[in-house]
Amino acid sequence: MTNLKSRLPLILGLVGAGLVATNAPAHAVAIQYNFQNVTIPSNQVVTGTFFYDSSLNQYTNWSISLPSTSASAITYNPSTSSIILIPSSTSVIFSYTSPFPSSPANTNSRNLALEFQSTLGPLGSTTLFDVTNPLPRSGEFIVADNGATEVNRFFTTGSSVVGVPLETDALPVVGMSVIVGGMFWLRRRKRSQVTLNLIQSGVTQDA
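Parameters and conventions
- Residues numbered from 1 in each chain as written.
- Predicted model: local features only at pLDDT ≥ 70, side-chain atom pairs only at ≥ 80, totals over all residues.
- Heavy atoms only, no water.
- Helix = DSSP H or I, 4+ residues; strand = E, 2+ residues; numbered from the N terminus.
- Buried < 20%, exposed > 50% of the residue type's maximum accessible area, 1.4 Å probe, protein only.
- Contact = heavy atoms within 4.5 Å.
- Areas by Shrake-Rupley, 256 points an atom, 1.4 Å probe, with all protein chains shown as cover.
- Pairing = 2+ DSSP bridges.
- Axes fitted to C-alpha atoms, helices over the stretch in contact; angles between N-to-C directions.
- Core = buried A, V, L, I, M, F, W, Y, C linked by side-chain atoms within 4.5 Å.

Peer 1: Please explain the overall build of the protein as it appears in this structure.
Peer 2: Regarding its fold elements, the protein presents three helices and 13 strands. Here the protein holds 207 residues, and 35% of them are scored as buried. Taking as baseline every contact in the protein between residues at least 6 positions apart, the subset at least 24 positions apart corresponds to 55%. Summed over its atoms, the accessible surface of the protein is roughly 12,300 Å², and 59% of this surface lies on carbon and sulfur atoms.

Following this line, the structure appears as structure tokens:
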């Protein structure tokens, strides 16, 4: 029983660290997704990141930049994209508000559609964009003043997003701190016990 009591802090630390490492969070949180190998025709790279909270069906903090090709370069973010259409775990459309970049001329709206082949995955997972015909498919749709589609810039095969792992999450640090603290406490306790035994031994010999 004495050995069990002396090792209790270490045991609790190990158990706590195990729970931290294996259990999912008690509540849903927004996951950050980064663009990976996303291109449009002519191998022009599209960069971007966004957060998605499945419990609220909410996209936040998005920043997605398309290069200059058949249309001028553009960045979709909360400041420029005032409208979000039909958000879900498999698709979302960001609508860019005026003023628009200089080209193409007579632009009425620029819309970025993100369509996924499956539900956005958990941390560390890769989700492919849907880039196949017929629509819907991922890419930018630019509409002229008369309502006609002026430019389409579709994503190419292999374009995807990756859920960023929480490598800097503080919880594993807390778990490790508990383990280290428990080990340090146990070591000091052993030293104290050895010292006490020596003192008691000396008292016995003197007696």
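Peer 1: When you look at the sheet that holds strand β12 (residues 149–154) in this model, what are you seeing that I'm missing?
Peer 2: Within a beta sheet, neighbouring strands are joined by backbone hydrogen bonds and run either parallel or antiparallel to one another. Taken together, the five strands give an open sheet; going across it, the order is β7-β8-β9-β11-β12, and neighbouring strands pair in antiparallel fashion. Unpaired on one side and paired on the other, β7 (83–85) and β12 mark the two borders of the sheet. Within the sheet, the average angular offset between the axes of one strand and its neighbour, ignoring direction, is 20°. Pairing analysis gives six bridges linking strand β8 (residues 91–96) to strand β9 (residues 107–115), with the strands arranged antiparallel. Residue pairing in the sheet places V92 in a bridge with L114 of β9.

Peer 1: Looking at this structure, how should I read the sheet that holds strand β1 (residues 31–36)?
Peer 2: Here six strands make up an open sheet; going across it, the order is β6-β5-β4-β1-β13-β10 and the pairing antiparallel. At either margin of the open sheet sits one strand with a lone partner, and together these are β6 (74–76) and β10 (126–128). For this sheet, the mean angle separating the axes of adjacent strands, direction not counted, is 20°. Note that β1 and strand β4 (residues 47–53) share four bridges and pair antiparallel. Note that in β4 the partner of I31 across the bridge is Y52.

Peer 1: Can you help me understand the nonpolar core in this one?
Peer 2: Nonpolar side chains tend toward joint burial in soluble globular proteins. In this structure, F35, F50, L114 and F155 are the most contacted members of the largest nonpolar core, which totals 25 residues. Broken down by element, the residue count for this core peaks at four residues, all from strand β5 (residues 58–66). Beyond its immediate chain neighbours, meaning those up to four positions away, F155 contacts F35, V38, T39, I40, V46, L112, L114, F129, V131, S138 and G139.

Peer 1: Got a minute to help me understand the environment of S118 in this structure?
Peer 2: By secondary structure assignment, the location of S118 is in the loop between β9 and β10. With 11 residues separating them in the primary sequence, S118 and F129 have C-alpha atoms 8.4 Å apart. Among all residues touching S118, those that are not within four sequence positions of it are S89, T90 and T127.

Peer 1: Explain the environment of S138 to me, please; I cannot follow it from the model alone.
Peer 2: Tracing the sequence through the fold places S138 in the loop between β10 and β11 (139–144). Not counting residues within four places of it along the chain, the set of residues in contact with S138 comprises A113, L114, E115, F129, D130, F154 and F155.

Peer 1: Explain the environment of T60 to me, please; I cannot follow it from the model alone.
Peer 2: Assignment of secondary structure puts T60 in strand β5. In this structure, the C-alpha to C-alpha distance between T60 and F50, residues 10 residues apart in sequence, is 6.3 Å. Setting aside its immediate chain neighbours within four residues, T60 contacts F50 and F51.

Peer 1: Sorry, what's going on with the pairing of β12 here?
Peer 2: Remark: a regular strand shows side chains that alternate across the two faces of the sheet. Bridging between β11 and β12 involves five bridges; their strand directions are antiparallel. Looking at β12, one finds that V143 is bridged to T149. As consecutive antiparallel partners, β11 and β12 are separated by four residues, and within that stretch G147 has a phi angle of approximately 90°, a positive value.

Peer 1: Where do I start with the pairing of β1 in this structure?
Peer 2: A one-sided burial pattern is seen for β1, the buried positions being I31, Y33 and F35 and the unburied ones Q32, N34 and Q36. Of the pairings in the sheet, the one linking β1 to strand β13 (residues 160–163) comprises four bridges and is antiparallel in character. The partner of Q36 across the bridge, within β13, is S160.

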